[in-house]
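Given next are the chains, with one letter for each unit.
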Amino acid sequence: MSRFVIVAVPVPTRRTFTYRLPETLDAGDPVGRRVLVPFGPRRMTGLVVALADGPPPVEAKDVLDVLDEGPILEGPLFELTRWIADYYLAPWGETLRAALPVGRMRRSRRVATATGGGEDPAGEPFLRELEDAIRGKGGAPVEALVKRFGSRGKVEGGLARLESLGRAEVRAVLEPGPAADRTESWVEILPEGAAEGAEEKLRKNAIRQIECLLHLRAKRRARRAEMRARFGGAADALVGKGFARIVEEEMVRIAEGGALPSRYDPDRPLTPEQEAALAPLLPAIRERRFEAHLLHGITGSGKTEVYLRAASETRAAGRTVLALVPEIALTPQTVGRFRARFGDEVVVLHSALSPGERHDTWREIRRGHFPVVVGVRSALFAPLRNLGLIVVDEEHDTSYKQGESPRYHGRDMAVVRAKLEGVPILLGSATPSVESIWNVRDGKYRLAVLPKRIHDRPLPRIEVVDLARVPYKERIGALSPRLVERIGETLGRGEQAMLFLNRRGYAPFLHCPDCGHVPRCAHCEVAFTFHRVESVLRCHYCGVEKEPPTVCPECGGARIGYRGMGTQRVEEDLRGAFPSARIGRMDLDTTRKRDSARRILSDFAGGGIDLLLGTQMIAKGHHFPGVSLVGVILADTALHLPDFRAGERTFQLLLQVAGRAGRGDREGEVVIQTFHPRHYCIRAAIHHDFDAFVERELADRRELRYPPFSRIVALTFRGKREGSVRGAAARFRGALSSDGRITPMIHEILGPTPAPITKIRDRFRWRLMIKAKTERWRAFREVLAAHLDAFHGRRGGGRAEVVVDVDAQDLL
């Protein structure tokens, strides 16, 4: 008798779907296995999440295939995906897709092909043009035809007409996975070939075969592709003559991770503060007990050593370790440190790996070949068995928040995974988030503090330059005379310096002083950024590029010029001021190529770069003992953004980047350039006064009912017609306001208002922001989910879609 199963498919709906599992495919418990199912006109890969309870719907379709012999996702990791989907009001299918390697949850696409027969569409020129577009091997995807002809209705109607004439066929084709298990062929010598004098049995003029045989005898085995490249068909000839054989072996594509060289001394004595930080954590590791520990250690205080000692205790108990960092740029140094301690047990997992590498790395982790995993946000789903410890470095960093559905927070979900697994978690930062500090005060986290640097090295001295008091004509571009002086002195002593500016490109915008025109992206409501290296104007939101104008396109004025500064312009200023210095730049533009970030950091660590300029990629986590000076080009770039966390992020960045100085034998110095030296965030950073900053920030947030005194849910309505988007947001606000259950669950609803960036990629954006009461959060989430389901259930959603961001970090 057939059974019925509940399947989650990777589509933007919170529903799951019931399918019939035919007896011919039924083999044991299907929960956790991938299945191929029909979904409308398409075929998709989904995951069986449960057996159907109760009578199945009459219209239940059949599962087409079961793709796994056993569960591909199970236990706490399976429960974590359910938790994420529920908490973040995200589709479970999309959450499952995020938890599995690229290509494991695939969709089909509709492809139109010409049949070569049927009735001729005489007098219908568009049909002839459409038929020409789908003629040829493989046809054409329907979405590509829509993009080409610009009208979905016209294309769909034309294809339907061609199908009725017998001239075309539209079918669903499962997209090929970008990665899968692969094998590679090896040539392996047999005893007959290895025997002394075997080459004499070959014809004397078979020189390539003799050379190939001698090569194989020395190597014993070699890749078939390499043998063909070197000896042509000689290897295959040896196989045919019984001297060798072909062996197919599973290919394992594992990235080295670009680790920076590091040394580890297991006998290095811990400081008393490190011992005190480890003391309460070690029993939780030994007893495999969930506890959340927050390690607040100032920069250079030895947090990594605490991580490694905790990980060593975990490995000694035979359990596995997961270590998370916020950005890929931090993985080379972290991987290097962990490999120095754990050797080949360590593997890196992040999105910059090729699909094949991610696929094989995930598989080998699941098999238990790599018990220590270092990675970024997505490594949260590493299929580690017998997990014993999770470490989250730089826990405050907003990069842990996923920017697309499911919009989970990697740090918070790491805590949830630790709880589900029943293991301790160690969160570390020199500038913990306000929410984490509140969790300590609320009794959810245990706090350990490292208040001093290793070897009692002093914190760097911080000097502030008030740019409002520095005449523009005295500056060298973005550099004040004081900063130029300090850089020159540092380089003169043979020491290294780092300069920080969290803005890439050459200039943030062009401006005409005659008419005020600023060239803007036609698809996004943002100004173009000028990139001088490529000599293009580029939109940093949609990637559109255009040639910079030589005169103002509005008034024809010749005075249009660049305003503001980015890392490219500062680099130009530095090269002019210090022509003999070896200068490196690290930002998104210079690290696009694979392994480029590791090469830059390696050159700097090895002394090949004197002066490293960069964005937030260089601001945290890095340890360069040769750096004695850090310069902050402009501390104000994020200070006045319309975001309640703007002050916190500014304070954290300043303290983090300042902490790169003075980690060696020489005392560090920091020069901060700002137009707002009396702002409380900057003053707190100058004095390294974390406590004063937190008290001020908590007081402000308590008064305004921002997190941690509420839960923020940002609802962004977007679509191609602004009126439809605005109307959908207003209707949703009205539905919430008229629901009597909502009022006691929230502090307030803000909006609807245009988002700070009102249009991105041709889609207008309107925003609702809800401050929910923390004590009523679970009930509110259920009511909000019902309203969202009702919104999605309306036909077309009113020509607008809604993006739900729970615990929102990006309010732009």
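Look up: the structure comes first, before these words.
The rules behind these values
- Residues numbered from 1 in each chain as written.
- Predicted model: local features only at pLDDT ≥ 70, side-chain atom pairs only at ≥ 80, totals over all residues.
- Heavy atoms only, no water.
- Pairing = 2+ DSSP bridges.
- Helix = DSSP H or I, 4+ residues; strand = E, 2+ residues; numbered from the N terminus.
- Axes fitted to C-alpha atoms, helices over the stretch in contact; angles between N-to-C directions.
- Phe/Tyr/Trp six-rings, centres within 6.5 Å; stacked < 30°, edge-to-face > 60°.
- Core = buried A, V, L, I, M, F, W, Y, C linked by side-chain atoms within 4.5 Å.
- Buried < 20%, exposed > 50% of the residue type's maximum accessible area, 1.4 Å probe, protein only.
- Contact = heavy atoms within 4.5 Å.
- 1 Å grid on protein atoms, 1.4 Å probe; cavity = no way out; pocket = protein on both sides within 12 Å on 5 of 7 lines; lining within 4 Å.
- Points joined across faces, edges and corners; volume = space filled by probe spheres on them.
- Nonpolar A, V, L, I, M, F, W, Y, C, P; charged D, E, K, R; others polar.

> Pulling in residues and values, what's your account of the sheet that holds strand β16 (residues 372-375)?
Strand order in the open sheet made by the seven strands is β15-β16-β14-β17-β18-β13-β19, with parallel pairing throughout. The sheet is open, and its two borders are formed by β15 (346-349) and β19 (446-450), each paired with just one other strand. Neighbour-to-neighbour, the strand axes of the sheet open up by a mean angle of 20°, direction not taken into account. The pairing of strand β17 (residues 387-393) with strand β18 (residues 425-429) spans four bridges and is parallel. Residue pairing across strands places D393 opposite G428, the latter belonging to β18.

> Explain the packing of aromatic side chains to me, using residue names and the numbers behind them.
One pass over the structure, following the stated rule, counts 21 aromatic pairs. Ring geometry for W438 versus F709: centroids 4.9 Å apart, planes at 65°, classification edge-to-face. On the criterion of sequence distance, the pair formed by W438 in helix α16 (residues 434-441) and F709 in the loop between α22 (690-704) and β31 (711-719) is long-range, its members being 271 residues apart. Ring geometry for F651 versus F693: centroids 4.2 Å apart, planes at 10°, classification stacked. One end of the pair, F651, is in helix α20 (residues 646-658); the other, F693, is in helix α22, with 42 residues separating them in the sequence.

> Residue-level account of the nonpolar core, with values.
Within the largest apolar cluster, 120 residues are counted, with the highest numbers of intra-cluster contacts made by L715, F717, F780 and L784. Considering every element that reaches this core, the biggest residue donor is helix α24 (residues 777-793), with seven residues. Apart from the residues lying within four places of it in its own chain, the contact partners of L715 are F732, W766, R767, L768, I770, L784, L788, V802, V803 and V804.

> So what's going on with empty space enclosed by the protein? Which residues, and what values?
Applying the stated criterion across every chain yields a total of two cavities of 30 Å³ or more. Its volume calculated, the largest cavity comes out at about 80 Å³. Every residue lining the largest cavity is listed: H396, T398, H409, R411, S433, E435, R645, E648, R649, Q652 and Q809. For the lining of the largest cavity, the element with the most residues is α20, which contributes three residues. Roughly 60 Å³ of internal volume is contained in the second largest cavity. Along the walls of the second largest cavity sit F500, N502, L634, A635, T637, A638, T650, L653 and L654, which together make up its complete lining. It is α20 that provides the largest number of residues to the lining of the second largest cavity, a total of three residues. A class-by-class count of the residues in the lining of the second largest cavity yields six nonpolar, three polar and no charged.

> An account of the environment of H296 is requested, with residue identities and associated values reported.
Assignment of secondary structure puts H296 in strand β13 (residues 292-297). You can call H296 buried: its relative accessible area is 12%. With 141 residues separating them along the chain, H296 and I437 place their C-alpha atoms 9.4 Å apart. Each residue touching H296, except ones within four places of it in the same chain, is listed here: S429, A430, P432, L447, A448, V449, L450 and F690.

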